[in-house]
Amino acid sequence: MHDEFAKIDWLRSRFELDDGDDAVVLGIGDDAAIFDFGNRPAVVTVDAQVEGTHFRRDLISARDVGKRALTAAVSDVWAMGAMPNACVVALTLPSDLEDSAFRALVDGIAEAARATGAQVIGGNLSGGRLLSITTTVFGTPVGAGVRRDGARPGDAVYVTGVLGAAALGLAVLEAGRGDLEGAEPFIERWRTPPMNGRSARAIATLATAAIDVSDGCLQDLDHLCEASGVGATVEVEALPTMRGHGQLCATLGLDSRKLALAGGEDYELLFTAPPSNEADAVARRIGVVTAERGVRAIDDSGRVVEVDETGFRHFS
Ligand SMILES: [Mg+2]
């Protein structure tokens, strides 16, 4: 399948449209796709996953690269309290990428497209030195959608799923310790981001502000607080981690709390909302929004825990 047109023909067959979605009028095959969201606001975002920057080809299968790229892009739509409808995907393919790897990559994209609802309606193929996947996703907000700037003092801070597991999984792989007992779920968690569509739909009607955790819990919470003109206090002991997190960190000599607070690529949804049973059912309550600016983490005795390059420092 060296011919670009053969690849495109195959892609067209791989991304057959779902008849049930009125938003997509025309998919792959013309100069551009046509979609129709009607008379309502739409959400749009673009995300690039680049070999060497976001992944190494020896640490993740081509199929998982595809799944991961599309899911990570959709995560930004979910973080807006919106549902993805369609996406366009630009692939840069190195000449040493085998046909079988190309097919697996596209299979992974197709699998995530089905699972998230972001139908692939177009894209671009290009040659290049490094493999990259650039995904533009279009979606529609549930209700008015959720932005970063609506958090209010007294709101609780919530997060879905677990924190630090993806960063720990990547650390395991980079240390060449994939054989460690209990490591596999963490590696999987890095390779395939969570499917948060259902949580996003719930959050859309609950949250005052939301963001997805890509840079690390504290940093992304700081972005949200900056936009809202507020601060927040996070309780370190309340952070949700995957079973076996502490044990695996100890084995590798890593700071388990630092990974939960600052590990990246969780792709969980971090949001603020008035405390409620409905919000508690969707996510873990990890802190509170304050009028005082700045984001701080405290331990169970109320002492401030500081994250820096070397780990935690305690201040009395
Ligand atoms: Mg984001």
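In this numbering scheme, every chain counts its residues from 1 along its sequence in written order. Two thresholds apply to this predicted model, a pLDDT of at least 70 for residue-level local features and 80 or more for giving and counting side-chain atom pairs, whereas whole-chain, interface and lining totals are computed over all residues. Each side-chain value is worked out from all heavy atoms of the structure, with water and hydrogens disregarded.

Caption draft 1: Main features of the overall build of the protein. In DSSP terms, a helix is any run of H or I states spanning at least four residues, a strand is any run of E spanning at least two, and both are numbered starting from the N terminus. The number of helices and strands found in the protein is ten helices and 14 strands. Atoms counted for the radius of gyration: C-alpha only. Globule rule: 2.2 Å times residue count to the power 0.38. For the protein, the C-alpha radius of gyration of 20 Å lies close to 20 Å, the compact-globule estimate for 316 residues. Taking the principal axes of its C-alpha atoms as reference, the protein extends roughly 65 × 50 × 30 Å. We call a residue buried when its accessible area falls under 20% of the maximum for its residue type, exposed when it is over 50%, and partly exposed in between, using a 1.4 Å probe and counting protein chains only. Expressed as a percentage of the 316 residues in the protein, the buried residues total 51%. The contacts of the protein with a sequence gap of at least 6 include a subset with a gap of at least 24, amounting to 82%. Here the protein carries 29 positive and 47 negative side-chain charges, and the mean point of each set is 3 Å from the other. We call two residues contacting when some pair of their heavy atoms lies within 4.5 Å. The convention is simple: Lys and Arg are positive, Asp and Glu are negative, and His and the chain ends are not counted. In this description, the location of a charge corresponds to atom NZ of lysine, CZ of arginine, CG of aspartate or CD of glutamate.

Caption draft 2: Highlighting the nonpolar core. We define a nonpolar core as any set of buried Ala, Val, Leu, Ile, Met, Phe, Trp, Tyr and Cys residues linked to one another through side-chain atoms lying within 4.5 Å. Within the largest apolar cluster, 67 residues are counted, with the highest numbers of intra-cluster contacts made by Leu70, Leu91, Phe102, Ile109, Ile133 and Phe271. Examining the composition of this core, we find that eight residues originate from one element, helix α3 (residues 99-116), more than from any other. What Ile133 contacts, discounting residues up to four positions off in sequence, is Asp47, Ala48, Gln49, Phe55, Val65, Ala69, Val89, Ala90, Leu91, Leu105 and Ile109. Counting 24 residues, the second-largest nonpolar core is a separate cluster that includes Leu224, Val230, Ala232 and Ala260.

Caption draft 3: Highlighting helix α5 (residues 184-191). Residues Phe186, Ile187, Arg189, Trp190 and Arg191 constitute the buried set of α5. If you follow the buried residues of α5, they end up packed against α2 (62-78), α4 (165-174) and α8 (245-252).

Caption draft 4: Representation of the pattern of salt bridges in the model. For salt bridges, the criterion is a side-chain nitrogen of Lys or Arg within 4 Å of an Asp or Glu carboxyl oxygen. Here the structure, examined in full by the defined rule, presents 17 salt bridges. Put simply, Arg63 and Glu111 hold a salt bridge, and the shortest N to O gap is 2.6 Å. Placement of Arg63 in helix α2 and of Glu111 in helix α3 is noted, with a sequence separation of 48 residues between them. On the accessibility criterion, Arg63 (34% relative accessible area) is partly exposed. Residue Glu188 is joined to Arg191 by a salt bridge in which the shortest nitrogen-to-oxygen separation is 3.8 Å. One end of the pair is Glu188 and the other is Arg191, both in helix α5 and three residues apart, which spans about a single turn. With a relative accessible area of 31%, Glu188 lands in the partly exposed category. Assessed through its relative accessible area of 19%, Arg191 is described here as buried. Connected through shared salt-bridge partners, Arg14, Arg63, Lys67, Asp107 and Glu111 make up one network.

Caption draft 5: Examining the coordination of the magnesium ion more closely. A donor here means an N, O or S atom no more than 2.8 Å from the metal, or no more than 3.2 Å when the metal is Na, K or Ca. Since water is not included, a site may seem to lack partners. Every protein donor of the magnesium ion is listed here as Asp76 (OD) and Asp212 (OD), and their distances to the metal cover 2.0 to 2.1 Å. Pair noted here: Asp76 is in helix α2 and Asp212 is in strand β8 (residues 209-212), with a separation of 136 residues, a long-range link. Classification of Asp76 as partly exposed rests on a relative accessible area of 24%.

Caption draft 6: Looking closely at the packing of aromatic side chains. Working definition: a ring pair exists when centres of Phe, Tyr or Trp rings (six-membered ring for Trp) sit within 6.5 Å. Plane angles under 30 degrees give stacked, over 60 give edge-to-face, the rest tilted. Per the stated rule, a full pass over the model turns up four aromatic pairs. Between Trp10 and Phe102, the aromatic rings sit 5.9 Å apart at their centres with planes inclined by 50°, giving tilted as the arrangement. With Trp10 in helix α1 (residues 4-14) and Phe102 in helix α3, the pair connects residues that are 92 residues apart, well separated along the chain. A relative accessible area of 1% places Phe102 in the buried class. Aromatic side chains Tyr158 and Phe271 sit 5.1 Å apart centroid to centroid with 10° between the ring planes, which places their arrangement in the stacked category. On the criterion of sequence distance, the pair formed by Tyr158 in strand β7 (residues 156-159) and Phe271 in strand β10 (residues 269-273) is long-range, its members being 113 residues apart. As far as burial versus exposure is concerned, Tyr158 and Phe271 are alike and both buried. Put simply, the rings of Phe35, Phe37 and Phe138 pair up and form one aromatic cluster. Over the ring of Phe102 we find Lys7, and its NZ or CZ is 5.2 Å from the ring centre. If you follow Arg103 out to its NZ or CZ, it ends over the ring of Trp10, 5.2 Å from the centre. Any Lys NZ or Arg CZ that is within 6 Å of a ring centre and within 35 degrees of that ring's normal is treated as a charge sitting over the ring.

Caption draft 7: Inspection of the side chain of Thr233 at higher detail. The residue Thr233 is located in strand β9 (residues 231-235) in this model. For Thr233, a relative accessible area of 9% corresponds to the buried category. Each polar contact in these results corresponds to two N or O atoms within 3.5 Å; when the atoms are within protein, one needs to be able to donate a hydrogen and the other to accept it, and residues that are neighboring in sequence are counted only if both atoms are side-chain atoms. Within polar-contact distance, the side chain of Thr233 engages the side chain of Arg296 at 3.2 Å. Dropping the residues within four chain positions of it, Thr233 is found in contact with Ile286, Gly287, Val288, Thr290, Arg296 and Ile298.

Caption draft 8: Representation of the packing of α2 against α3. Note on geometry: axes are lines fitted to C-alpha atoms, helical ones only across the stretch in contact, with angles between N-to-C directions running from 0 to 180 degrees. Interhelical geometry of α2 versus α3 gives an angle of 30° and a closest axis separation of 6 Å. As far as their axial angle goes, α3 and α2 are roughly parallel. Of the two possible hands of crossing, α2 and α3 adopt the one that is right-handed. Where α2 approaches α3, its residues Ala62, Arg63, Val65, Gly66, Lys67, Leu70, Thr71, Val74 and Trp78 are matched on the opposing element by Ala101, Ala104, Leu105, Asp107, Gly108, Ile109, Glu111, Ala112, Ala113 and Thr116. Gly falls in the polar group here, along with every residue not listed as nonpolar (Ala, Val, Leu, Ile, Met, Phe, Trp, Tyr, Cys, Pro) or charged (Asp, Glu, Lys, Arg). Classifying every residue of the contact of α2 with α3 by side-chain character gives eleven nonpolar, four polar and four charged. Put simply, angles under 35 degrees are roughly parallel, angles over 145 are roughly antiparallel, angles from 65 to 115 are roughly perpendicular, and the rest are oblique. Helix crossings are classified by the rotation of the near helix relative to the far one: an anticlockwise turn of less than a right angle makes the crossing left-handed, while a clockwise turn makes it right-handed.

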